[in-house]
Amino acid sequence: MAEALIEADPDASEGALAPRFNTLVRKETCADVARQIDLGAVLKLGRSEMLSGGRRKEALLGDAMEAIIAAVYRDAGFETARDLVLRLWGDRITTVKADARDAKTALQEWAQARKQPPPKYTVVERKGPDHEPVFTIEAGLSSGETAQATAGSKRNAEQAAATALLKRLETK
């Protein structure tokens, strides 16, 4: 992925490429690629995982996509694995945002630039069954600004809360 990013933008600095790289290799992107090729349909799952929607779970799909890449690498070598990744990721490599920082990173950098400690993320509520929880998270700054968001995973709820707080801060 690093090689592809450098080829796509040879003049970019390491600091500019790092967030793009992180966006392209994170679990959510791997899960998106897995959905694109309908990898969930061919996963062998236990009964309880199937009943709980395992074929659509982001973590499971992301892990499965990584496993496919690793298997291709082990069986056919680096060149074949690289070609597979480049084919599957396609336009994502050239269209990834120049500022691809996730919201939590952007909020942390916002706080640090103002000599504040890092934001705190607090679980306000957790509801739903164990196999399909829903989290409400509050992102808060030491200066008192807060925002809440709800999502099907802590990570997604934290990201959404950070996004909401950044939007609130931009309007001030």
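Preceding block: the structure.
Throughout what follows, the structure given in this document is the object of discussion. (Residues numbered from 1 in each chain as written. Predicted model: local features only at pLDDT ≥ 70, side-chain atom pairs only at ≥ 80, totals over all residues. Heavy atoms only, no water.)

## What to know about the packing of helix 5 (residues 58-76) against helix 6 (residues 78-89)
In plain terms, the rule: The axes are straight lines fitted to the C-alpha atoms, using for helices just the contacting stretch, and the angles between their N-to-C directions are given from 0 to 180°. Helix and strand assignments come from DSSP, with helices taken as H or I runs of at least 4 residues and strands as E runs of at least 2, each series counted from the N terminus. Note on contacts: a residue pair is in contact if any heavy atoms of the two residues lie within 4.5 Å. Charged means Asp, Glu, Lys or Arg here, nonpolar means Ala, Val, Leu, Ile, Met, Phe, Trp, Tyr, Cys or Pro, and polar covers whatever is left, Gly included.
Between helix 5 and helix 6, the shortest axis-to-axis distance is 7 Å and the interhelical angle comes to 145 degrees. Packed against helix 5, whose contacting residues are Met65, Ile68, Ile69, Val72, Tyr73 and Ala76, the element helix 6 presents Phe78, Thr80, Ala81, Leu84, Val85, Leu88 and Trp89 at the interface. Here the contact of helix 5 with helix 6 is built from residues that sort into 12 nonpolar, 1 polar and no charged.

## Focus: the sheet that holds strand 2 (residues 134-140)
To keep things clear, this is the line we draw: A pair of strands is considered paired only if DSSP assigns at least 2 bridges between the two.
Strands sit in the order 1-2-3 across an open sheet of 3 strands; the sheet is antiparallel. Every interior strand has two partners, whereas the edge strands, strand 1 (120-127) and strand 3 (146-151), have only one. Pairwise comparison of adjacent strand axes, ignoring direction, gives a mean angle of 20 degrees for this sheet. Where strand 2 lies against strand 3, 6 bridges are found, and the strand directions are antiparallel. From the neighbouring strand, Thr136 faces strand 3, where its bridge partner is Thr150. Helix-sheet contacts for helix 9 (residues 154-170) involve strand 1, strand 2 and strand 3, and the interaxial angle to strand 3 is about 145 degrees.

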